[in-house]
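# Structural description and commentary
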Amino acid sequence: MAYARERLEQRDIATERVLLLFGQAERLAADGDAEGATKRVRQARDISLRCNLRLPKMLKLRFCRRCQTYFTAKTLQCRLDPLERRLKRTCLSCGHSAYQPYSKPEKGPRRPRPSPPRRT
Ligand SMILES: [Zn+2]
């Protein structure tokens, strides 16, 4: 019982640290320190692996899965593939690409067509 509680506490601490490291990575990337940002991402990923912590999707999309580069406008290329309905995300530092599906926006309620103007 005590062990389980300890593990939960460890996870809470790990979550806090991972979020902190991603915040630091974001700030460093904005300042132009790409290596520092990548280092923070690696540290955060190491912590999540050690503590069996699943990274939320929002964080997973922010770095390259292969080389752990933090994505900025200079390190990420996005291309839409409308036929396959997916977004191709290419890491510009290692060339790894990943696909992210997207769906059609849902249709709203049908509105009646405006009637054509009458001729007189
Ligand atoms: Zn990469």
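Data block above holds the structure.
So, here's what we can say about the structure. (Residues numbered from 1 in each chain as written. Predicted model: local features only at pLDDT ≥ 70, side-chain atom pairs only at ≥ 80, totals over all residues. Heavy atoms only, no water.)

### Remarks on the overall build of the protein chain
Assigned secondary structure in the protein chain consists of 3 helices and 3 strands. When the helices and strands of the protein chain are listed from N to C terminus, the series reads α-α-α-β-β-β. The C-alpha radius of gyration computed for the protein chain amounts to 22 Å, which surpasses the reference 14 Å derived for 120 residues by more than 25%, pointing to a less compact arrangement than a globule. Overall, the protein chain is about 85 × 40 × 25 Å in size when its C-alpha atoms are taken along their principal axes. For the protein chain, long-range pairs separated by at least 24 residues make up 40% of all intrachain contacts whose partners lie at least 6 apart in sequence. About 10,200 Å² of surface is accessible on the protein chain, with carbon and sulfur atoms providing 50% of the total. Separation of charge centres in the protein chain, based on 29 positive and 12 negative side chains, amounts to 12 Å. (Helix = DSSP H or I, 4+ residues; strand = E, 2+ residues; numbered from the N terminus. Rg over C-alpha atoms; globule rule 2.2 N^0.38 Å. Contact = heavy atoms within 4.5 Å. Areas by Shrake-Rupley, 256 points an atom, 1.4 Å probe, with all protein chains shown as cover. Lys, Arg positive; Asp, Glu negative; His and termini not counted. Charge placed at Lys NZ, Arg CZ, Asp CG, Glu CD.)

### Examining the packing of aromatic side chains
Counting across every chain of the model gives 1 aromatic pair. Between the aromatic rings of Phe22 and Phe63, the centroid separation amounts to 5.9 Å while the plane-to-plane angle is 40°, which identifies the pairing as tilted. With a gap of 41 residues between them, Phe22 in helix α1 (residues 2-31) and Phe63 in the loop between α3 (57-60) and β1 (76-81) connect regions that are remote in the sequence. Since its relative accessible area comes to 6%, Phe63 is described here as buried. Over the aromatic face of Tyr99 sits the side chain of Arg86, whose NZ or CZ is 3.8 Å from the ring centroid. (Phe/Tyr/Trp six-rings, centres within 6.5 Å; stacked < 30°, edge-to-face > 60°. Buried < 20%, exposed > 50% of the residue type's maximum accessible area, 1.4 Å probe, protein only. Lys NZ or Arg CZ within 6 Å of the ring centre and 35° of its normal.)

### Looking at the coordination of the zinc ion
Every protein donor of the zinc ion is listed here as Cys64 (SG), Cys67 (SG), Cys91 (SG) and Cys94 (SG), and their distances to the metal cover 2.2 to 2.4 Å. If you look at the zinc ion, its 4 donor atoms make angles of 108 to 111° with each other, and the shape they trace is tetrahedral. Within one chain, the residues serving as donors to the zinc ion are arranged as C-x2-C-x23-C-x2-C. Of this pair, Cys67 sits in the loop between α3 and β1 while Cys94 sits in the loop between β2 (86-91) and β3 (97-101); the two residues are 27 residues apart in sequence, bridging distant segments of the chain. Cys67 gets classed as buried once you look at its relative accessible area, which sits at 16%. (Donors = N, O, S within 2.8 Å, 3.2 Å for Na, K, Ca; no water. Tetrahedral: all angles 85-135°; square planar, octahedral: opposite > 155°, others 65-115°.)

### Points about the pattern of salt bridges
Applying the stated criterion across every chain, the model contains 2 salt bridges. For Glu26, the salt bridge goes to Arg62, with nearest N and O atoms at 3.6 Å. On the criterion of sequence distance, the pair formed by Glu26 in helix α1 and Arg62 in the loop between α3 and β1 is long-range, its members being 36 residues apart. Note on Glu26: relative accessible area 41%, which makes it partly exposed. (Salt bridge = Lys/Arg side-chain N within 4 Å of Asp/Glu carboxyl O.)

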